[in-house]
Amino acid sequence: MLKVYLTRGSQEQGVWLNLPASPAEMGEAYATLDNIDSENLDTPILVIESSVSNLKRYIHEHDSLEQLNTPAARINKMSDRDADIFSGALDMESINRLEDIMRIANNLQEYKLLPGINTRGSWVSTLWKAEKLIFIKAHGRFWIMNGWL
């Protein structure tokens, strides 16, 4: 589930829109916003609700609704377990734009849910204790790799 609250005007009045949304649903939302303020057409996303707990950290107020439809459709098909994996992957990866979100969503099979591992630190600590760490240098940085994941 992905739901956004779109706003207009200085009073931050707005409308909720469930994504993915059809062109007609988007049109209805924009018509409602035009009734609030038809002079200032700036329409930021003020609030984000999602079944992926941390997704709101990676969506920006001026992201395109049309582009957000794609990850929203993907999220709607996710099981609770996949949503948890997606949430963890978002926090582990570098997210700079919507394309990064989609890259992760489309490659969830590359990630594993490990009980008790919810930060990079706990992951490294677990691997260190298991003596399964391999350090490699790539792109000028050292990366921690592990042979049993």
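Residues numbered from 1 in each chain as written. Predicted model: local features only at pLDDT ≥ 70, side-chain atom pairs only at ≥ 80, totals over all residues. Heavy atoms only, no water.

1. Describing the overall build of the protein chain
Inference 1: Helix and strand counts for the protein chain stand at five helices and five strands.
Inference 2: The N-to-C order of helical and strand elements in the protein chain reads β-β-α-β-α-α-α-α-β-β.
Inference 3: Partitioning the contacts of the protein chain with sequence separation of at least 6, the portion at a separation of at least 24 is 52%.
Inference 4: Carbon and sulfur atoms make up 50% of the accessible area of the protein chain, which totals about 9500 Å². (Helix = DSSP H or I, 4+ residues; strand = E, 2+ residues; numbered from the N terminus. Contact = heavy atoms within 4.5 Å. Areas by Shrake-Rupley, 256 points an atom, 1.4 Å probe, with all protein chains shown as cover.)

2. Remarks on the packing of aromatic side chains
Inference 1: With the rule as written, the count across this model stands at one aromatic pair.
Inference 2: Residue placement shows Lys 3 over the ring face of Trp 16; its charged tip is 5.0 Å from the ring centre. (Phe/Tyr/Trp six-rings, centres within 6.5 Å; stacked < 30°, edge-to-face > 60°. Lys NZ or Arg CZ within 6 Å of the ring centre and 35° of its normal.)

3. Description of the side chain of Asp 100
Inference 1: Tracing the sequence through the fold places Asp 100 in helix H4 (residues 98-105).
Inference 2: Given the relative accessible area of 9%, Asp 100 is considered buried. (Buried < 20%, exposed > 50% of the residue type's maximum accessible area, 1.4 Å probe, protein only.)

4. So, helix H1 (residues 23-36)
Inference 1: If you check H1, its first and last C-alpha atoms are 20 Å apart, about what 14 residues at 1.5 Å a residue would give, namely 20 Å.
Inference 2: Of the residues making up H1, those classed as buried are Met 26, Ala 29 and Leu 33. Buried residues in H1, looked at end-on, bunch into an arc of 60°, giving them a common side. Turned more than 90 degrees from where H1 packs its buried face, Ala 24, Glu 28 and Asn 35 sit exposed. (Expected span 1.5 Å × (residues − 1). Arc of directions from axis to C-beta.)

5. Describing the confidence of the model for the protein chain
Inference 1: Averaged over all residues, the pLDDT of the protein chain equals 82, while 75% of them reach at least 70.
Inference 2: Note on residues 133-139: pLDDT is under 50 here. Beyond four places in sequence and across chains, it has 17 contacts. (pLDDT = per-residue confidence, 0-100.)

6. So, the pattern of salt bridges
Opposite charge on two side chains permits them to pair, given that their charged atoms come into close proximity.
Inference 1: Going through the model one piece at a time under the given rule, you end up with four salt bridges.
Inference 2: For Asp 34, the salt bridge identified is with Arg 8, shortest N-O distance 2.7 Å. Of this pair, Asp 34 sits in helix H1 while Arg 8 is found in strand E1 (residues 2-8), placing the two residues 26 residues apart along the sequence.
Inference 3: Using a relative accessible area of 34% as the deciding quantity, one classes Asp 34 as partly exposed.
Inference 4: Close ionic contact of Asp 100 with Arg 103 constitutes a salt bridge, the shortest N to O distance being 3.8 Å. Of this pair, Asp 100 and Arg 103 both sit in helix H4, separated by three residues, roughly a single helical turn.
Inference 5: Note on Arg 103: relative accessible area 36%, which makes it partly exposed.
Inference 6: One continuous salt-bridge network, built from bridges that share partners, spans Arg 97, Asp 100 and Arg 103. (Salt bridge = Lys/Arg side-chain N within 4 Å of Asp/Glu carboxyl O.)

7. So, the environment of Ser 94
Inference 1: Relative to the elements of secondary structure, Ser 94 occurs in the loop between helix H3 (80-92) and H4.
Inference 2: For Ser 94, the side chain forms a polar contact with the side chain of Asn 96, separated by 3.4 Å. (Polar contact = N/O pair within 3.5 Å; in protein donor to acceptor, adjacent residues only side chain to side chain.)

8. Considering helix H2 (residues 65-76)
Turn by turn, an α-helix covers 3.6 residues, leaving residues three or four places apart pointing in a common direction.
Inference 1: With twelve residues, H2 extends 16 Å between its outermost C-alpha atoms, agreeing within 8% with the 16 Å of an ideal straight helix rising 1.5 Å per residue.
Inference 2: Looking at H2, one finds that the buried residues are Leu 65, Leu 68, Asn 69, Pro 71, Ala 72 and Ile 75.
Inference 3: Looking at the buried positions of H2, the neighbouring elements they touch are E1, strand E2 (13-19), H1, strand E3 (45-50), H3 and H4.

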